[in-house]
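Listed below, chain by chain, are the residues.
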Amino acid sequence: MTAQSREIPYKIYLEENELPTAWYNLRADMKNKPAPLLNPATGAPMSAEELEAVFCRDLVRQELDDTSRDIPIPKDILDFYKMYRPSPLVRAYFLEKALETPAKIYYKFEGNNTSGSHKLNSAIAQAYYAKKQGLIGVTTETGAGQWGTALAMACAYMGLDCRVYMVKISYEQKPFRREVMRTYGADVTPSPSETTHVGREILKAHPGTGGSLGCAISEAVEDAVSHEGYRYVLGSVLNQVLLHQSIIGLEAKAAMDKFGIKPDVIIGCAGGGSNLGGLISPFMGEKLRGEADYRFIAAEPASCPSLTRGRFAYDFCDTGHVCPLAKMYTLGSDFIPSPNHAGGLRYHGMSPVLSQLRADGLLDAVALEQTSVFSAAELFARVEGTLPAPESSHAIKAAIDEALKCKETGEEKTILFGLTGTGYFDMKAYEQFHNGTMIDFIPSDADLEQGFRSLPAV
Ligand SMILES: *Cc1c(COP(=O)(O)O)cnc(C)c1O
């Protein structure tokens, strides 16, 4: 029996002995490497030493490593992964049927852990390296709360202190997210806060603000650098995070290879780019090495369209301008999405790795309006059973659009998309959608110009 002739099960799991034991570093195969992080004061590339004042030592090594292709996953991390991995690769038979499409749709589901998303894959790695360095704890920011939850879980497992600055509006709207983090022992502060200098400055300039990811990052960094034995960790955007998230793509590829399946189109939602970068990594590697061809699509919100309408430029990663500069597709560090934007993915920039791939014409991007995203989410929940996170639903919508194109042309394409998480804590947004109060907001060119004005001259 050939691989192709075997019937494809609804869920494809890998056996424990088939799990990846090394992360894949896509940068090793990129001809044009992502641009280095720059010191905002001097404009020179950040040295390992400078970065180590903020980030954990081994993570800095991974951040700067553009050449090692395979990076072995330490045994403690592999053991933790085994508690909730492999994540299932699901054939979306019921969605295909509902769409009456000849396309074959697969999704890699990362929501089967308590944090509810893929973020745990990097959280456990970052907590492991912090512990290995002998640190007391780590600080971070969280927007919707998934990253903070994942990091709290990882820190509890590793025995590390965890301080989370949570965007104030989310802190108020999602009290249960906060409580999950506290259950795992994390200390959660609404941002901007009076705890940090930068928080007090932001509050003075914008009294009553609900905060933003960029503000919370500035606070978390300040907290880390001003306390002995602490470092700052980040849940997306950075090269090291994409490296850890390559576990998603490696597992997906191994599962597909087992059944002789080759995707034509690979789709992920894009906030800071970590799940998309992780999912596409091994496939993009094959494309870069000329071994196979795939089409890659980033799905982003029309209200925060960094890849489709942003500038490819050096920019600040945070509002308080305490972080290094990164070259990326960005809307400007002053850009804050419209308050009616409910679907997550609200960061102003994008992973430098994905940004470089996009600039090199290797990554397509689509911008989606939120009501259409929630319609897709609802259809998906009803036919496939899983209640998707709004973020993930951008990928669902893009996959449905591709599948409907196949219906028109009769092409039997194979589509793979990343279903990054569950939406249990996002019912406020679903409520707006059901009540008909959700509106689509697309920033005008003039709105975007205002954000671009905050770009530094480099
Ligand atoms: C954080 C998050 C995202 C977006 O982050 P990326 O770094 O772009 O992957 C997407 N989906 C879920 C469920 C998330 O929690």
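The following refers to the structure shown. Model, not experiment: these values are computed from the prediction. Within each chain, residues carry numbers counting from 1 in the order of the written sequence. Only residues with pLDDT of at least 70 get local features here, since the model is predicted, and only at 80 or more are side-chain atom pairs given and counted; chain-wide, interface and lining totals rely on the full set of residues. Think of the side-chain values as coming from all heavy atoms in the structure, minus any hydrogens and water.

**Regarding the packing of helix H5 (residues 120-132) against helix H11 (residues 239-258)**
So, point 1. Interaxial distance between H5 and H11 falls to 8 Å at its minimum, and their mutual angle equals 125°. The angle between the axes of H5 and H11 places the two elements in the oblique class. With respect to the hand of their crossing, H5 and H11 are arranged in right-handed fashion. Packed against H5, whose contacting residues are Asn121, Ser122, Ala125 and Gln126, the element H11 presents Gln240, Val241, His244, Gln245, Ile247 and Ile248 at the interface.
So, point 2. Here the contact of H5 with H11 is built from residues that sort into 4 nonpolar, 6 polar and no charged. Geometry is summarised by axes, namely lines fitted to C-alpha atoms with helices restricted to the contacting stretch, and by angles between N-to-C directions that run from 0 to 180 degrees. Secondary structure elements are taken from DSSP: a helix is a run of H or I of four residues or more, a strand is a run of E of two residues or more, and numbering for both begins at the N terminus. Throughout, the term roughly parallel applies to angles under 35 degrees, roughly antiparallel to angles over 145, roughly perpendicular to angles from 65 to 115, and oblique to all others. For a crossing to be left-handed, the near helix must be turned anticlockwise from the far one by less than a right angle; the clockwise case is right-handed. Contacts were defined at the residue level, with two residues in contact if any of their heavy atoms lie within 4.5 Å. Note that Gly is not counted as nonpolar here; it falls among the polar residues with everything else outside the nonpolar set of Ala, Val, Leu, Ile, Met, Phe, Trp, Tyr, Cys and Pro and the charged set of Asp, Glu, Lys and Arg.

**Re empty space enclosed by the protein**
With a probe scaled to a water molecule rolled over the atoms, the places where space remains empty come into view.
So, point 1. Only protein atoms enter the 1 Å grid used here, on which a cavity is any set of points holding a 1.4 Å probe that cannot leave and a pocket is any open set flanked by protein within 12 Å on both sides along at least five of seven lines; residues with an atom within 4 Å of a point are listed as lining. Grid points are joined across faces, edges and corners, and a volume is the space filled by probe spheres set on the points. Within the structure shown, the criterion is met by 5 cavities of 30 Å³ or more.
So, point 2. The computed volume of the largest cavity comes to approximately 80 Å³.
So, point 3. Surrounding the largest cavity, Leu37, Phe55, Ile217, Tyr232, Leu234, Leu238, Cys317, Cys323, Pro324 and Tyr347 form its lining.
So, point 4. Its residues placed into classes, the lining of the largest cavity shows 10 nonpolar, no polar and no charged.
So, point 5. Annotation comment: domain bounds sourced from an automatic or database domain assignment. Looking at which domains feed residues into the lining of the largest cavity, each of domain 1 (27-70 + 119-232) and domain 2 (81-116 + 245-448) supplies at least three.

**Comments concerning the packing of aromatic side chains**
Two aromatic rings, taken as a pair, are described by how far apart their centres are and by the angle between their planes.
So, point 1. Aromatic contacts are taken between Phe, Tyr and Trp rings whose centres are within 6.5 Å, Trp giving its six-membered ring; a plane angle under 30 degrees counts as stacked, one over 60 as edge-to-face, and the others as tilted. Across all of its chains, the model carries 14 aromatic pairs by this definition.
So, point 2. On the numbers, 5.0 Å between centres and 80° between planes, the contact of tyrosine 128 with tyrosine 129 is edge-to-face.
So, point 3. You can call tyrosine 128 buried: its relative accessible area is 15%.
So, point 4. Under the scheme applied here, a residue whose accessible area is under 20% of the maximum for its type counts as buried, over 50% as exposed, and between as partly exposed, the area being computed with a 1.4 Å probe on protein chains only. Looking at tyrosine 129, the relative accessible area reads 6%, which means it is buried.
So, point 5. Over the ring of tyrosine 171 we find arginine 178; its NZ or CZ atom is 4.6 Å from the centre of that ring.
So, point 6. Placement of a positive charge over a ring is assigned whenever Lys NZ or Arg CZ falls within 6 Å of the ring centre and within 35 degrees of the normal to the ring plane. The aromatic ring of tyrosine 294 is capped on one face by lysine 262, whose charged end is 4.6 Å from the ring centroid.

**Observations regarding the site of the ligand**
So, point 1. The full set close to the ligand counts 18 residues, and Lys119, Ser236, Ser274, Asn275 and Thr420 are the nearest of them.
So, point 2. Contacts described as polar in this section are N or O atom pairs within 3.5 Å, which, within protein, must combine one atom able to donate a hydrogen with one able to accept it, while residues neighboring in sequence count only if both atoms come from side chains. One of the side-chain N or O atoms of histidine 118 is found 3.1 Å from an oxygen atom in the ligand.
So, point 3. Within the backbone of glycine 272, a nitrogen or oxygen atom sits 3.0 Å from an oxygen atom of the ligand.
So, point 4. Only the protein chains shown count as cover for residues, and all accessible areas are computed by the Shrake-Rupley method using a 1.4 Å probe. The fraction of the free accessible surface of the ligand (380 Å²) that becomes covered by protein chains is 94%.
So, point 5. Residues of the shell around the ligand, tallied by class, amount to 4 nonpolar, 12 polar and 2 charged. Near is defined per residue: the residue qualifies when any heavy atom it owns lies within 4 Å of the molecule or strand.

**Digging into the pairing of strand E11 (residues 295-301)**
So, point 1. Burial runs high along E11: 6 of the 7 residues are buried.
So, point 2. Two strands qualify as a pair provided that DSSP identifies no fewer than 2 bridges between them. Pairing analysis gives 5 bridges linking E11 to strand E14 (residues 364-368), with the strands arranged parallel. Its bridge partner being in E14, isoleucine 297 is matched across the sheet by aspartate 364.

**Here's the deal with the environment of glutamate 96**
So, point 1. Along the polypeptide, glutamate 96 turns up in helix H4 (residues 93-99).
So, point 2. Residue classification places glutamate 96 among the buried positions, given a relative accessible area of 9%.
So, point 3. When sequence neighbours within four positions are dropped, the list of residues in contact with glutamate 96 reads Arg91, Thr101, Ala103, Lys104 and Ile105.
So, point 4. Of the polar contacts made by the side chain of glutamate 96, one reaches the side chain of arginine 91; its length is 2.7 Å.

**Observations concerning helix H18 (residues 445-452)**
So, point 1. Listed as buried for H18 are Leu448, Gly451 and Phe452. The arc that holds the buried residues of H18, viewed along the axis, is 100°, so those residues lie on one side. When the buried face of H18 is taken as reference, the exposed residues oriented beyond 90 degrees from it are Ala446 and Gln450.
So, point 2. Looking at the buried side of H18, the elements it contacts are helix H13 (306-309), strand E12 (311-316) and strand E13 (325-330). Of all possible arcs, the one meant is that of the directions from the helix axis to the C-beta atoms.

**Some thoughts on unusual backbone geometry**
So, point 1. In this structure, the amide linkage connecting arginine 85 to the following residue, proline 86, adopts the cis form with an omega of 0°.
So, point 2. That bond from serine 191 to proline 192 is cis: its omega, 5°, falls within 30 degrees of zero.
So, point 3. In this fold, proline 192 is placed in the loop between strand E8 (187-191) and helix H9 (197-205).
So, point 4. One non-glycine residue, valine 237, lies in positive phi territory at about 65°.
So, point 5. Looking at the element boundaries, valine 237 is found in the loop between strand E9 (230-232) and H11.
So, point 6. Positive phi, normally seen in glycine, also occurs at histidine 321, with a value near 60°.
So, point 7. Within the element layout of this structure, histidine 321 appears in the loop between E12 and E13.

**Focus on the nonpolar core**
So, point 1. Buried Ala, Val, Leu, Ile, Met, Phe, Trp, Tyr and Cys residues that are joined via side-chain atoms within 4.5 Å together make up what is termed a nonpolar core. The biggest cluster of nonpolar side chains holds 77 residues, and the ones touching the most others in it are Trp23, Ile77, Leu357 and Leu416.
So, point 2. For this core, the domains that each give at least three residues are domain 1 (27-70 + 119-232) and domain 2 (81-116 + 245-448).
So, point 3. If you look at the next biggest cluster of nonpolar residues, it comprises 28 residues, including Val90, Ile105, Leu368 and Val373.

**Quick look at the side chain of asparagine 25**
So, point 1. Positionally, asparagine 25 belongs in the loop between strand E2 (22-24) and helix H1 (48-52).
So, point 2. When residues no more than four places from it in sequence are discounted, the contact partners of asparagine 25 are Asp65, Asp66, Thr67, Ser68, Arg69, Ile71 and Leu243.

**Some details on the sheet that holds E11**
Strands belonging to one sheet form pairs held by backbone hydrogen bonds; the direction of such a pair is parallel or antiparallel.
So, point 1. Pairing is mixed in the open sheet, where 7 strands are placed in the order E1-E4-E5-E15-E10-E11-E14. Edge positions in the open sheet fall to strand E1 (11-12) and E14, since each of these has one partner strand only.
So, point 2. Bridging between strand E5 (residues 104-109) and strand E15 (residues 414-419) involves 6 bridges; their strand directions are parallel. Bridge assignment links phenylalanine 109 to a residue of E15, and that residue is leucine 419.

**A look at the pattern of salt bridges**
Side chains carrying opposite charge are able to pair once their charged atoms draw close together.
So, point 1. Here a salt bridge means any side-chain nitrogen of Lys or Arg lying within 4 Å of a carboxyl oxygen belonging to Asp or Glu. Scanning the model with the defined rule gives 32 salt bridges in all.
So, point 2. Ionic pairing is found between aspartate 66 and arginine 27, a salt bridge with its closest N-O pair at 3.3 Å. Note that aspartate 66 is positioned in the loop between helix H2 (57-64) and strand E3 (70-72) and arginine 27 in the loop between E2 and H1, a separation of 39 residues in sequence.
So, point 3. Taken together, the salt bridges that share partners define one network made up of Asp29, Arg69, Arg289 and Glu291.

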